[in-house]
Amino acid sequence: MITQGSSQTGTALLYVPGNSFIHRMNPLTKLVGLLWLAATTFMLPPGGMATIFVATFLFGVLAGAGKAFIKRLILTLGPFAIFLFVIHGVLIERHDTIQHEWISFSPEGAQYMLKILVRVAALLAASMLFVTTTHPANLLKALDSHGVPPGIAYLIASPLLLLEPFSARARAIRDAQQARGLDLTGSWKARVKAFPALLIPLVTLALSDLDHRATVLDGRAFRARPFRVVLDAPVDRPYERWLRRALLIAIPLQIGVLLWL
Amino acid sequence: MALIDIDNLVFGYGKAAPVLDGVSLSIAHGERIAILGGNGSGKTTLAQWIAGSLPRPGMTARSGTLHAEGKPWSDWDALKRAETIQFVGQIPSQQISGFAFTVYDELVFGPGNLGLEEAEIRKRADWALDTCNLRHLVERDPFTLSGGEQQRLSIAAALVMQPKALVLDEPTGNFDPESREKLLNQINQLPEDLTVILCDMALKPALAIARRFLLLDEGRIVADSDAQAILAHPRTLEVFGAPAVTEAALAIRAAGRWPEGKPLPLTYGQAEALFKEVSHAHG
Amino acid sequence: MLTVDQVAFHYSAATPVLREVSFRSEGGEILALVGRNGAGKSTLLRLLNGLRKPTQGAVVIAGKNTRDTPPHIISHSIGTVFQTPEQQIFNATVRDEVAFGPNNLPLTPQQREERVVRALARTRLTDFAGKHPLDLDQAQRRFVALASVLASQPPALLLDEPQRGLDQRGKNLLEEIIREEQAAGRCIIIVCHDMEFVARLASRIIALSEGRLSADMAPVDFFSDAPAMAAASVEPPDTLRLSAALGLPASLTPSSFADHWLARHN
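Residues numbered from 1 in each chain as written. Chains lettered and ligands numbered in written order. Predicted model: local features only at pLDDT ≥ 70, side-chain atom pairs only at ≥ 80, totals over all residues. Heavy atoms only, no water.

- With an unreviewed UniProt entry as reference, chain B is termed ABC transporter ATP-binding protein, source organism Taklimakanibacter albus.

- Per an unreviewed UniProt entry, the recorded name for chain A is Energy-coupling factor transporter transmembrane protein EcfT, and the organism is Taklimakanibacter albus.

**Comments concerning the overall build of chain A**
Step number 1: When helices and strands are counted, chain A shows nine helices and two strands.
Step number 2: Secondary structure of chain A in N-to-C order comes out as α-α-α-α-β-β-α-α-α-α-α.
Step number 3: Summarising its shape, the C-alpha atoms of chain A cover approximately 65 × 60 × 35 Å along the three principal directions.
Step number 4: In chain A, buried positions account for 40% of the 261 residues.
Step number 5: Look at the contacts in chain A between residues 6 or more apart in sequence, and 72% of them connect residues 24 or more apart.
Step number 6: When the accessible surface of chain A is split by element, carbon and sulfur atoms take 72% of a total near 14,500 Å². (Helix = DSSP H or I, 4+ residues; strand = E, 2+ residues; numbered from the N terminus. Buried < 20%, exposed > 50% of the residue type's maximum accessible area, 1.4 Å probe, protein only. Contact = heavy atoms within 4.5 Å. Areas by Shrake-Rupley, 256 points an atom, 1.4 Å probe, with all protein chains shown as cover.)

**What about the domain arrangement of chain A?**
Step number 1: For chain A, the assigned domains read domain 1 (12-135 + 233-261) and domain 2 (149-226).
Step number 2: The gap between the C-alpha centroids of domain 1 of chain A and domain 2 of chain A is 33 Å. (Domains from an automatic or database assignment.)

**Some points on the interface of chain A and chain B**
Step number 1: Listed per partner, the contact involves 41 residues of chain A and 37 residues of chain B.
Step number 2: Surface buried jointly by chain A and chain B totals about 3,300 Å² across both partners, of which 59% is contributed by carbon and sulfur atoms.
Step number 3: Between chain A and chain B we count four salt bridges in total.
Step number 4: For the salt bridge of E106 of chain B with R220 of chain A, the shortest nitrogen-to-oxygen distance reads 2.9 Å.
Step number 5: The biggest single contributor to the side of chain A that touches chain B is helix α8 (residues 188-219) of chain A, with ten residues. (Buried area = accessible area lost by both parts, 1.4 Å probe. Salt bridge = Lys/Arg side-chain N within 4 Å of Asp/Glu carboxyl O.)

**Quick notes on the side chain of E170 of chain B**
Residues and elements named next belong to chain B.
Step number 1: Structurally, the position occupied by E170 is in the loop between β6 (165-169) and α6 (177-188).
Step number 2: With relative accessibility at 8%, the residue E170 sits in the buried group.
Step number 3: Once residues lying within four places of it in the same chain are set aside, the contact partners of E170 are K43, Q90, Q151, C199, D200 and M201.

**Focus: the interface of chain B and chain C**
Step number 1: Taken together, the 34 residues of chain B in the interface contact 28 residues of chain C.
Step number 2: In terms of surface lost to chain C, no three residues of chain B exceed N39, R257 and Y268 of chain B, which account for 23% of the buried area on that side.
Step number 3: Across the contact surface, chain B and chain C share two salt bridges.
Step number 4: Looking at the side of chain B that touches chain C, the elements that each hand over two or more residues are α6, α9 (234-240), α10 (244-254) and α11 (268-282) of chain B.

**Some words on the sheet that holds strand β7 (residues 195-200) of chain B**
In any sheet, the strands associate via hydrogen bonds between backbone groups, in a parallel or an antiparallel arrangement.
Residues and elements named next belong to chain B.
Step number 1: Read from one edge to the other, the open sheet built from six strands follows the order β5-β6-β7-β3-β8-β9, with strand pairing classed as mixed. Lying at the two open borders of the sheet, with one neighbouring strand each, are β5 (85-88) and β9 (220-225). Here the average twist between neighbouring strands, direction ignored, is 15°.
Step number 2: Against the sheet, helix α5 (residues 147-159) touches β5 and β6, its axis set at about 170° to β5. (Pairing = 2+ DSSP bridges. Axes fitted to C-alpha atoms, helices over the stretch in contact; angles between N-to-C directions.)

**Some points on the sheet that holds strand β7 (residues 156-160) of chain C**
Residue and element names in this part refer to chain C.
Step number 1: One open sheet holds the six strands; their spatial order is β6-β7-β8-β3-β9-β10, and the pairing between them is mixed. Two strands bound the open sheet, and with one partner strand each, they are β6 (78-81) and β10 (212-217). Ignoring strand direction, the axes of neighbouring strands in this sheet form an average angle of 20°.
Step number 2: Examined bridge by bridge, β6 and β7 share four bridges and lie parallel to one another. Each bridged residue has a counterpart across the sheet, and for G79 the counterpart in β7 is L157.

**Comments concerning the packing of helix α2 (residues 27-41) of chain A against helix α9 (residues 238-260) of chain A**
Residue and element names in this part refer to chain A.
Step number 1: Between α2 and α9, whose axes approach to 9 Å, the crossing angle comes to 25°. Taken together, the axis directions place α2 and α9 in an arrangement best described as roughly parallel. Between α2 and α9 lies a crossing whose hand is left-handed. Listed contacts from α9 to L28, T29, V32, G33, L35, W36, A39 and T40 of α2 are E240, L243, R244, L247, L248, A250, I251 and Q254.
Step number 2: Residue composition of the contact of α2 with α9, grouped by class: ten nonpolar, four polar and two charged. (Parallel < 35°, antiparallel > 145°, perpendicular 65-115°, else oblique. Left-handed = near helix turned anticlockwise from the far one by under 90°. Nonpolar A, V, L, I, M, F, W, Y, C, P; charged D, E, K, R; others polar.)

**Thoughts on the nonpolar core**
Step number 1: With 69 residues, the main nonpolar core has L36, L166, L168 and F213 of chain B as its most contacted residues.
Step number 2: V116, L136, L166 and I205 of chain C belong to the second-largest nonpolar core, a separate cluster that totals 49 residues. (Core = buried A, V, L, I, M, F, W, Y, C linked by side-chain atoms within 4.5 Å.)

**Regarding the environment of P234 of chain B**
Residue and element names in this part refer to chain B.
Step number 1: Along the chain, P234 falls in helix α9.
Step number 2: P234 gets classed as exposed once you look at its relative accessible area, which sits at 64%.
Step number 3: Remark: the alpha-carbon pair of P234 and T60, spanning 174 residues in sequence, is separated by 33 Å.

See below:
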């Protein structure tokens, strides 16, 4: 029953299938673009950051990932905005704090909060644009075909792939222990006491998996050569290569300028 | 030159009693061999030695040697070893690389590491998809497959390396009878020159695949023979039980009613004919 | 002892997993639960031990309705041995692992100790009591899981493919223990693919097919009923086919076949 209802590519992915311009872009270009945007948000005034946010959001909608965007953004930014507002707008005492009956409010604090919020929103939207339009398998292939050591690609792939089996196993362990009398409904004290019974088998099994998987990788000649041959690697157009180079030069320059000024 | 030559191998974990206690064994190219043993007999450990996943640092032989095509595994480079022998372990989900998001990518993962030509990789993957009946699953995430499908995938992923030998550790342990039959047929259709080494504690799969049978008991090889002799070995019934039809014939033989020199039935197919002959002889 | 009454289960209404499943057992029997993969066996197993609640109908064990009793309380009435002992082992010694069940029961220390000692002896683990369970071989680990259920002495036992991974010696020991439990009046339910093992042990066969109860029969009747076997994707034991081919009385096991054959040819 564990796999029932899960999509064919696992449930841990945020990827939204599509064939938009951004989908078709080489994953490395998108990755470098994301890095550049991250570096850039630190240079821009709030208006600029808001522009980046709106632009990436629109690109996301164009790529067909609008729904995923809105859901994630609300889920993450909503609580974050409330939190920031309470801290900066209300709690922190500033020179311009206005006391109105039982509530106090600082316009400067609110402005500061807004600045942080748009920066996080811009970063989040840019990251969302990357993960919703890039299937991890494609990212792997792009890394592999550009001579990135296979070990690094493996570090990206395996957590994404193993998350679902791992949580399925955690559920199975919980079932097995409850069925032999472990009380998971009682007080928090009882639950703390029950914790080792859930954790130890999970860790033991994960270690055993690791050991076996290392043997499997050896058997498949993983890392026997410095590079892998990759089938169906994502297309890499000349302009994308130039774009990446330009962005990679721009990032340290921008950071340099920022530190200089 | 023999594919595998083991001479008086003694091996154990830590300070515990040896798991393999003086094993000597030679396996030729192209053999179909079953290593049979009960729980705790040491067969999985022997399989790991044969496949080259032992010795490892801190886990070395107490005495004795293993040579693969004339030299110890430790002298082989990882690439050549992967092209020589492949091991498929017991628990299907643990045989998946964790690198591939689809069945197809899982299949081409190994050959990609070998640095083969793209066309060659595709040819091998195509062949393995058909051989192991995986064509309809190419787009699936390997971790969402059933245990039986994962097992077929891990065998296919071993085959695409085009090894000289395939070591299978209880390959049908997780199967229902119907899927077991199918998998055994698929194994039987593998190329003749591929050496197949099957470790099992059920007789049925071994009888369906192997022509040579080793009986491993408490880390020692106590028999090395053909099917009939293995079934007649006194330890066999005790450790494995016999296929039901063989057990029935044995009970009749114990009552002194099975003709001298008449072979025992090993499969249902043989049983019907043999029992009819024996019944007829008794009128 | 055990009542499954008009039980239905689904995750969503469009894909029912189980429909209209009913059966009862009064203890002292061995029920084999058979059916192809996906027929609903594992779901039924989780309904019986209260890990899942039926969407409709009721499961009642030793007077407790699973609907309003949490699983850890149900476990005092029905002990489950799952297929993967590694999913439950967490104590540093075999003895502590086996004592886990009794420790959750209202017993005196002396009673607990007695139960643990007896469960270890029955599963031939006495000599390994001080070892780490994961240092044992695969078959012994399964017996650790079995011992930890036996030590709780629940009135019903639920065994998921208990014979898998056991050699003949292990199967013989398992068979011996199951028969003792049956003789002690317990209700034993075995989920099992191995029809030779089922034919040897079961007193009743419960077959599931596409989420419905497709048969509830004595083994000899079930294995002679071709449509019932086909619905559950089950092959008859070889000796039963052989006895039919030779015109002998239906024989579920090699020894009964041999008896019939010898009687005919004397």
